[in-house]
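Descriptive structure summary
Residues per chain, in single letters:
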Amino acid sequence: MAKVIGGVFTSHVPAIGGAIHRGAQNEPYWKPFFDAWPPVREWLGEQVPEVVIMFYNDHGLNFFLDKMPTFAVGAAAKYRNEDEGWGLPPFPVPPGHPDLSWAIIEKLVAEEFDITTCQDMLVDHAASIPLALAWPAGEAPVKIVPIAINTVQHPLPSAKRCLALGRAVAKALAEWQGDETIMVMGTGGLSHQLDGERAGFMNPEYDTFCMDNLSVDPDALTRHSVHEIVELSGTQGVEILNWIAARGALGDKVHEVSRSYHIPISNTAAAVMVLETEAARAAGKAGAEKTAELA
Amino acid sequence: MASQVAPPIAPPIPGTHIFDGAAAQKGYALNAMCFSFNEAANRDAFLHDEDAYCDRFGLTPQQRDAVAQRNVLAMMAAGGNIYYLAKLAGIFGLNVQDVGAQQTGMSVDAFKQMLLDNAAAIPTRETARG
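To start, this report covers the structure provided alongside it. (Residues numbered from 1 in each chain as written. Chains lettered and ligands numbered in written order. Predicted model: local features only at pLDDT ≥ 70, side-chain atom pairs only at ≥ 80, totals over all residues. Heavy atoms only, no water.)

1. Some thoughts on the overall build of chain A
Regarding its fold elements, chain A presents 10 helices and 8 strands. A compact globule built from 295 residues would reach a C-alpha radius of gyration of about 19 Å, and chain A, at 18 Å, matches this within 12%. Taken along its principal axes, the extent of the C-alpha atoms in chain A is 60 × 45 × 40 Å. In chain A, which comprises 295 residues, the proportion classed as buried is 64%. The long-range fraction of contacts in chain A, counting pairs at least 24 apart against all pairs at least 6 apart in sequence, stands at 81%. (Helix = DSSP H or I, 4+ residues; strand = E, 2+ residues; numbered from the N terminus. Rg over C-alpha atoms; globule rule 2.2 N^0.38 Å. Buried < 20%, exposed > 50% of the residue type's maximum accessible area, 1.4 Å probe, protein only. Contact = heavy atoms within 4.5 Å.)

2. With respect to the overall build of chain B
The helix and strand inventory of chain B stands at 9 helices and 0 strands. Its helices and strands taken in sequence order, chain B reads α-α-α-α-α-α-α-α-α from the N to the C terminus. Its C-alpha atoms give chain B a radius of gyration of 19 Å, clearly above 14 Å, the size a compact globule of 130 residues would have. When the backbone C-alpha atoms are referred to their principal axes, chain B occupies close to 55 × 55 × 35 Å. The contacts of chain B with a sequence gap of at least 6 include a subset with a gap of at least 24, amounting to 53%. A total accessible area of about 7200 Å² is found for chain B, and carbon and sulfur atoms account for 56% of it. Treating the 9 positive side-chain charges of chain B as one cloud and the 12 negative ones as another, the clouds have centres 7 Å apart. (Areas by Shrake-Rupley, 256 points an atom, 1.4 Å probe, with all protein chains shown as cover. Lys, Arg positive; Asp, Glu negative; His and termini not counted. Charge placed at Lys NZ, Arg CZ, Asp CG, Glu CD.)

3. A look at the sheet that holds strand β8 (residues 268-277) of chain A
All names here are of chain A. Read from one edge to the other, the open sheet built from 8 strands follows the order β4-β3-β5-β2-β6-β1-β8-β7, with strand pairing classed as mixed. Because the sheet does not close on itself, it has two edges, and the strands there are β4 (116-118) and β7 (254-265). Between one strand axis and the next, the sheet turns through 15° on average, direction left out of account. In the packing of helix α3 (residues 37-47) onto the sheet, the strands contacted are β1 (3-10), β6 (181-187), β7 and β8, and the crossing angle to β1 comes to about 165°. (Pairing = 2+ DSSP bridges. Axes fitted to C-alpha atoms, helices over the stretch in contact; angles between N-to-C directions.)

4. Section: the interface of chain A and chain B
Each side of the interface is counted separately: chain A has 47 residues, and chain B has 49 residues. Summed over both partners, the interface of chain A with chain B buries about 4100 Å², with 59% contributed by carbon and sulfur atoms. In terms of surface lost to chain B, no three residues of chain A exceed F64, E197 and H227 of chain A, which account for 15% of the buried area on that side. Between the two partners, chain A and chain B, sit 1 salt bridge. R43 of chain B is the salt-bridge partner of D83 of chain A, the closest N and O atoms lying 2.8 Å from each other. Taken together, chain A and chain B are joined by 21 residue pairs in polar contact (both at pLDDT 80 or more). Those elements that provide at least two residues to the side of chain A that touches chain B are α7 (204-216), α8 (226-233) and β7 of chain A. Among the elements that line the side of chain A that touches chain B, the one with the most residues is β7 of chain A, at 7 residues. A breakdown of the residues in the side of chain A that touches chain B according to their chemical character gives 16 nonpolar, 18 polar and 13 charged. (Buried area = accessible area lost by both parts, 1.4 Å probe. Salt bridge = Lys/Arg side-chain N within 4 Å of Asp/Glu carboxyl O. Polar contact = N/O pair within 3.5 Å; in protein donor to acceptor, adjacent residues only side chain to side chain. Nonpolar A, V, L, I, M, F, W, Y, C, P; charged D, E, K, R; others polar.)

5. Quick notes on the environment of G85 of chain A
You can see G85 of chain A is positioned in the loop between β3 (71-74) and α4 (98-110). For G85 of chain A, a relative accessible area of 3% corresponds to the buried category. A C-alpha to C-alpha distance of 36 Å links G85 of chain A and E276 of chain A, two positions 191 residues apart in sequence. If sequence neighbours within four positions are ignored, G85 of chain A has contacts with F37, N38, R43 and K87 of chain B.

6. Let's talk about unusual backbone geometry
Most peptide bonds take the trans configuration, and most residues that are not glycine carry a negative phi. Residues and elements named next belong to chain A. Of note, the bond from G189 into L190 is cis; its omega dihedral lies within 30 degrees of zero at -5°. Tracing the backbone through its elements, the reader meets L190 in the loop between β6 and α7. A cis geometry characterises the amide bond from I263 onward to P264, with omega recorded as -15°. Its location among the elements puts P264 in strand β7. With a phi angle near 50°, V48 is a residue other than glycine that sits in the positive phi range. Residue position: V48 is located in the loop between α3 and β2 (51-56).

7. Some remarks on the packing of helix α2 (residues 28-36) of chain B against helix α7 (residues 82-91) of chain B
Residue and element names in this part refer to chain B. At a closest axis distance of 8 Å, the pairing of α2 and α7 adopts a crossing angle of 55°. Our classification of the angle between α2 and α7 gives oblique. Crossing handedness for the pair α2 and α7: left-handed. Where α2 abuts α7, its residues L30, N31, C34 and F35 lie against Y84, L85, K87 and L88. (Parallel < 35°, antiparallel > 145°, perpendicular 65-115°, else oblique. Left-handed = near helix turned anticlockwise from the far one by under 90°.)

8. Section: the nonpolar core
Residue and element names in this part refer to chain A. Counting 61 residues, the largest nonpolar core has I53, F55 and I104 as the members making the most contacts within it. Residue contacts for I53: discarding those within four places in its chain leaves L100, I104, V145, I147, V169, L173, I182, M183, V184 and M185. L44, A72, A132 and A134 belong to the second largest nonpolar core, which has 46 residues in total. (Core = buried A, V, L, I, M, F, W, Y, C linked by side-chain atoms within 4.5 Å.)

9. Thoughts on the packing of α4 of chain A against helix α6 (residues 159-175) of chain A
Residue and element names in this part refer to chain A. Relative to each other, α4 and α6 sit at 125°, their axes nearing to 9 Å. On the basis of their axis angle, the class for α4 and α6 is oblique. Considering the relative orientation of α4 and α6, their crossing is right-handed. Contacts from L100, A103, I104, K107 and L108 of α4 reach α6 at L165, A168, V169, K171, A172, L173 and E175. Residue composition of the contact of α4 with α6, by class: 9 nonpolar, no polar and 3 charged.

Below, the structure is given as structure tokens:
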């Protein structure tokens, strides 16, 4: 039976990709953000996930306004990252896991989510940068199932609906007969606003509310409407929807492993968190005790 | 026959433009042009002959003016969405701080300082482990 170990939640600002390409990780501006990652990689090294369910939003690489799905599930064997308009070199993207994609698709539709399925799909910086941060050596040694949520064109799905989507994915993972070690990623945010006279807006108080509740009471994040989230978090801060959906995929009880929050990177309040499931915690403890015995 | 009930109107958020169906319809041509800039050849074609490129996508006069003036707020008023406009801004070598400064009427340095100042509002807390 597959094991769901937990999730990595992170901002996905395109400038992070630029910093990686320039090798700017240790510059004073970038160091506080990149310093969040060694503990994440340590956890990944302990847990060794083989599959990543990636909750993110597309910013105009794969989807345009001609066809804008509310929820889109990738079902491809291969995904690509391409030039998003700034001429940055594309990041390597790991292969897909079509069988698991279809198991998730079957479950989501059975649970009455009317999703879009994608057998040919580009994934943008919101998926590729988090993978490059988690596995900086090159292509991440995992298979991925991308799940894109519309955070671009209103009306957006409600936070409640996104959490329910994630919980339906959790059911699919619980029923999956494979024996992989699976993790989720939720990317975007936290508070930021790129457009309008309020550009530059951030809200550390709301971000802290989200981070404090993500593990213990994710339903608390669903009490705000999308309009209220825009007000509290900024027009692009609504990307918290991706975090909320990813949290739903982890089931009821999770533990916070690490947290980093730094202002600013680019125009964004940047956050990185790791949450782990009970199963992962037990395995981690067993592993730690074994190591202690050997020492 | 059931009477039509208008949906509740959420109060506007100052300085904030919700990219909804009305904006998506109004801005379609401008956003479509910006979406095309994912390809380097199209960015080059725009730089080579801006008018011809705008013609190709059927921009409205309002959208043409906004692009000609490099005015982001005017582009948004014409239905532009920032995720697509960011690709146009990139052609001019502008990043999101430049774009933010322009929209807020600040210098880029003052805008960057404002971003930094947000850090002062971070609630103090011990980092959780366990």
